[in-house]
Amino acid sequence: MINKVVKDAQTAIADIHSGAVIGLGGFGLCGIPENCINALVSKGINNLTCISNNAGVDDFGIGLMLQQKQVKKMIASYVGENAEFERQLLSGELEVDLIPQGTLATRLLAAGYGMPAIFTPAGVGTEVAVGKETRMFNNKEYLMEYAFDLDFSIIKAWKGDTQGNLVFRKTSRNFNPLVAMAGKITIVEVEELVEAGQIDPDHIHLPGIYVHRIFQGTDYEKRIEQRTVSKKQ
């Protein structure tokens, strides 16, 4: 039986190198692999290509890596909450590839399934399609998009077991499973790590076959991206 459990984030990301292509889980501020991102910041590697649904905020998530100029290229579907990201983009310091959210998800899924490419109607006739192949199916035009090629995937789950079987909570389930499936090496941090067999098989959201390293993280923040409350009467 393969031992997938590692001591901590520093051990889990020890072989991630400058220039790597990394997929990072999370949806808004939910399900961000905080411990691993902090370890990457401390390690000081750079020239990274990061693929994620969004770019975090200035002082949290991928935003911490952007502050340290560790990211060469960002591939994402939404980046509207990060002022440092905007500054680097407008100054030409950061390469950016903005793609439709559904296309991002499906390109991750394709990588997990071993499919080289997908065809999607999203982006046809727009700047997204410039320089890309299109084909007609049933008299409708589709854009060909390649599956992502990730060196590493880094995600967070609520609970996992020592064999890498995972359970996610709420919106953190949106992109973490897809990112996990796509990586050549998938690293998982969890809030609770239990022994194999302690999670009901019917409750598992992602099987351990996709997971290579897992550890129990610490000091998680429960942030709210936009706090909205009703006005007092």
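Our subject is the structure listed above.
What this report covers is the structure whose coordinates are included nearby. (Residues numbered from 1 in each chain as written. Predicted model: local features only at pLDDT ≥ 70, side-chain atom pairs only at ≥ 80, totals over all residues. Heavy atoms only, no water.)

## Points about the overall build of the chain
- When its secondary structure is counted, the chain shows six helices and eleven strands.
- Over its C-alpha atoms the chain spans a radius of gyration of 18 Å, differing by no more than 12% from the 17 Å that the globule rule assigns to 233 residues.
- Each principal axis of the C-alpha atoms in the chain carries an extent, and together these give about 50 × 50 × 45 Å.
- Going through the 233 residues of the chain one by one, you find that 48% of them count as buried.
- Carbon together with sulfur atoms contributes 50% to the accessible area of the chain, which is approximately 11900 Å² in total. (Helix = DSSP H or I, 4+ residues; strand = E, 2+ residues; numbered from the N terminus. Rg over C-alpha atoms; globule rule 2.2 N^0.38 Å. Buried < 20%, exposed > 50% of the residue type's maximum accessible area, 1.4 Å probe, protein only. Areas by Shrake-Rupley, 256 points an atom, 1.4 Å probe, with all protein chains shown as cover.)

## Quick notes on unusual backbone geometry
- Non-glycine residue lysine 69 carries a positive phi angle of around 60°.
- Looking at the secondary structure, you find lysine 69 in the loop between helix 3 (62-67) and strand 3 (71-76).
- Positive phi is not limited to glycine here, since lysine 170 has a value of about 50°.
- Among the secondary structure elements, lysine 170 is positioned in the loop between strand 9 (166-167) and helix 6 (176-182).
- Owing to a relative accessible area of 68%, lysine 170 belongs among the exposed residues under this scheme.

## Examining helix 4 (residues 83-91)
- Within helix 4 the residues assigned to the buried category are Glu84, Phe85 and Gln88. The arc that holds the buried residues of helix 4, viewed along the axis, is 105°, so those residues lie on one side.
- On its buried face, helix 4 sits against helix 3, strand 3 and strand 4 (95-98).
- The N-terminus of helix 4 is capped by asparagine 82, whose side-chain oxygen sits 3.2 Å from the backbone nitrogen of glutamate 84. (Arc of directions from axis to C-beta. Contact = heavy atoms within 4.5 Å. Polar contact = N/O pair within 3.5 Å; in protein donor to acceptor, adjacent residues only side chain to side chain.)

## Focus: the pairing of strand 10 (residues 183-194)
- Judged from the ten bridges that link them, strand 8 (residues 150-161) and strand 10 form a sheet pairing that is parallel. By the bridge assignment for strand 10, isoleucine 154 is matched with isoleucine 187.
- When strand 10 meets strand 11 (residues 213-216), the two strands line up parallel, connected through four bridges. Bridging across to strand 11, valine 190 finds its partner in glutamine 216. (Pairing = 2+ DSSP bridges.)

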